[in-house]
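If you want the building blocks of each chain, they are given just below.
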Amino acid sequence: MAFIIENSILIKYTVEPGVTEVIIPDGIVEIGEFAFRDCEKIVSIVIPDGVKRIDRCAFYMCSNLKDIVFPDSIEFIGDSAFYCTDYGEKLRKHPIPEAFTMAGKVLLRYNGKDASVIIPEGTTAIYGESFINRKHVNHVGIPESVTHIGWGAFSGSGLKEVQMPSTLVHIAAHAFDETPWINSLSKPGQPEYVCGGRVLLRYNGSDPVVYIPDGIVGILERAFSPCYVTGIRFREEETLKEVHLPESVTNIANNAFWKCSKLEKIVIPGKVTIDRNFCTECSEKLVVVAPHYAIENATNTAEKRALGWGYLLNSDLYTDPEIAVGYQKYVSGQKKYYLPIIFKEDRAECIAAYAGAKKITKSNVDKDYLEPAIDAGATQCTAWLLEWKQQIAQAKK
């Protein structure tokens, strides 16, 4: 069968010999990530009414895909959905005469010449790069129906003013890069928390410990950063040490905490999607407590180490067995990094986490744990390990 469908989601399409035109069957509500990946022979696709979502990279590398028929039901199209396709190239380089190129309720591209743009009512999402490098656009009004703004949507435009809707729940990375508007969010007179809908755009406060208000669901890139990518400083002196996010946060953009050099702790209590490099160039002492985030999703060593510290210091919070096992495997494989620091700082609670993961055994406790703890002068760790040995001995009597 050419189509693999699960719960009304098109998971995978397999190219059939000689087929260049595809009609997706009725009953589908979502086209999944990479569903048509590398289907190079396809020239056209018809999407039936009822499909609401097209996920990121859905038509990835369909290099000869020229035409797509969209239904009015489309409400969301993920970033890079048309990556390396003829359709994507046509979208960028051959604009239609109408000011707005739409796919259902999604704005794919702005082709107009107006400096002040009001996006049509009923639009639910703004696709990535839809206004990219539109230097003549200095004002955009976004209607209350919009919930998502895609990757680089307004990057490089002349935006100086944006009317944000209260309905926004997600703004992708680089959405407002290199615009006058994004640089203005930390000028004197701006509020402590600058939000676009339910997305935190900028934190302008100076408190060392910050509790983000409940109800925020997204954190924009560089929201906590002391400076912007161009080098413009938002805070003359970096004071931020702890950030406590509410359980309502479901997405953290890449570089959200970029260059927060004194940041020591981030608490992420809810189920969340975290983009790569979210804490680039932060303090080496950073601890990230994220009990519902799988460490396997982290993309670099610094992030994994920070997440590992979060687990070691708060292992009792990691109640999801599958997630906890991932952390246990990681910290066990990184003993040469963690244990010297644990013993140097005498953090007995971290030793308890290793024991809870059953990584301390009768055969390795002396050489791998107790002797290094004694050598480091870690009295609390030593006491904990001696008590552990005593309990094991008594249990075998």
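The rules we used
- Residues numbered from 1 in each chain as written.
- Predicted model: local features only at pLDDT ≥ 70, side-chain atom pairs only at ≥ 80, totals over all residues.
- Heavy atoms only, no water.
- Buried < 20%, exposed > 50% of the residue type's maximum accessible area, 1.4 Å probe, protein only.
- Helix = DSSP H or I, 4+ residues; strand = E, 2+ residues; numbered from the N terminus.
- Pairing = 2+ DSSP bridges.
- Expected span 1.5 Å × (residues − 1).
- Contact = heavy atoms within 4.5 Å.
- Polar contact = N/O pair within 3.5 Å; in protein donor to acceptor, adjacent residues only side chain to side chain.
- Phe/Tyr/Trp six-rings, centres within 6.5 Å; stacked < 30°, edge-to-face > 60°.
- Lys NZ or Arg CZ within 6 Å of the ring centre and 35° of its normal.
- Salt bridge = Lys/Arg side-chain N within 4 Å of Asp/Glu carboxyl O.

Here's the deal with the pairing of strand β17 (residues 193–196)
Consideration 1: Across the two faces of β17 the burial differs, with Val194 and Gly196 buried and Tyr193 and Cys195 not buried at all.
Consideration 2: For β17 and strand β18 (residues 199–203), the ladder comprises four bridges, and the chain directions are antiparallel. The residue of β18 that forms the bridge with Tyr193 is Tyr203.
Consideration 3: Remark: two residues form the turn of the hairpin made by β17 and β18, two consecutive strands paired antiparallel; Gly197 in that turn has positive phi of roughly 65°.

Re the pairing of strand β1 (residues 3–6)
Consideration 1: With four bridges joining them, β1 and strand β2 (residues 9–13) adopt antiparallel strand pairing. Each residue of the ladder has a partner; that of Glu6, found in β2, is Ile9.

A look at helix α3 (residues 301–313)
Consideration 1: For α3, with 13 residues, the first-to-last C-alpha span of 18 Å sits near the 18 Å given by 1.5 Å per residue.
Consideration 2: Those residues of α3 that sit buried are Glu303, Ala306, Leu307, Gly308, Trp309, Gly310, Tyr311 and Leu312.
Consideration 3: The inward-facing, buried residues of α3 abut β25 (287–289), α4 (321–333), α5 (335–345) and α6 (348–356).
Consideration 4: For α3, the side-chain oxygen to backbone nitrogen distance between the N-cap and Ala302 is 3.2 Å, and the N-cap itself is Asn300.

Focus on the packing of aromatic side chains
Each aromatic ring pair is characterised by the separation of its centres together with the angle its planes make.
Consideration 1: Scanning all chains against the criterion turns up 27 aromatic pairs.
Consideration 2: Ring centres of Tyr330 and Tyr338 lie 6.3 Å apart, and the angle between their planes is 80°; on these two criteria the pair is classed as edge-to-face.
Consideration 3: Its relative accessible area of 15% is what places Tyr330 among the buried residues.
Consideration 4: Put simply, the rings of Phe3, Tyr13, Phe36, Phe59, Phe70, Phe82, Tyr87 and Tyr127 pair up and form one aromatic cluster.
Consideration 5: Its guanidinium or amino end placed over the ring of Trp309, Arg347 lies 5.3 Å from that ring's centre, counting from NZ or CZ.

Description of the side chain of Arg202
Consideration 1: Examined against the element boundaries, Arg202 turns out to sit in strand β18.
Consideration 2: Residue classification places Arg202 among the buried positions, given a relative accessible area of 2%.
Consideration 3: A polar contact is formed between the side chain of Arg202 and the backbone oxygen of Arg222, at a distance of 2.2 Å.
Consideration 4: In terms of polar contacts, Arg202 uses its side chain to reach the backbone carbonyl oxygen of Ser225, at 2.9 Å.

Regarding the environment of Ile11
Consideration 1: If you trace the backbone, Ile11 turns up in strand β2.
Consideration 2: Taking the relative accessible area as the measure of exposure, Ile11 reaches 35% and is therefore partly exposed.
Consideration 3: In this structure the C-alpha to C-alpha distance between Ile11 and Ser44, which are 33 residues apart in sequence, comes to 19 Å.
Consideration 4: Residues in contact with Ile11, not counting those within four places in the same chain, are Ile4, Glu6, Glu33 and Ala35.

Examining the pattern of salt bridges
Consideration 1: In total, this model carries 14 salt bridges according to the counting rule given.
Consideration 2: Of the charged contacts, one joins Arg53 and Asp55 as a salt bridge, the two residues approaching to 3.0 Å between their closest N and O atoms.
Consideration 3: Overall, Arg53 belongs to the partly exposed group, its relative accessible area being 32%.
Consideration 4: As a salt-bridge pair, Glu89 and Arg92 come within 2.2 Å of each other at their nearest N and O atoms. Note that Glu89 and Arg92 are positioned in helix α1 (residues 86–93) at a spacing of three residues, about one turn of the helix.

Remarks on the side chain of Ser155
Consideration 1: With respect to the secondary-structure elements, Ser155 resides in the loop between β14 (148–149) and β15 (161–163).
Consideration 2: Looking at Ser155, the relative accessible area reads 14%, which means it is buried.
Consideration 3: Apart from residues no more than four positions distant in its own chain, Ser155 is found in contact with Phe131, Ile132, Asn133, His174, Ala175 and Asp177.

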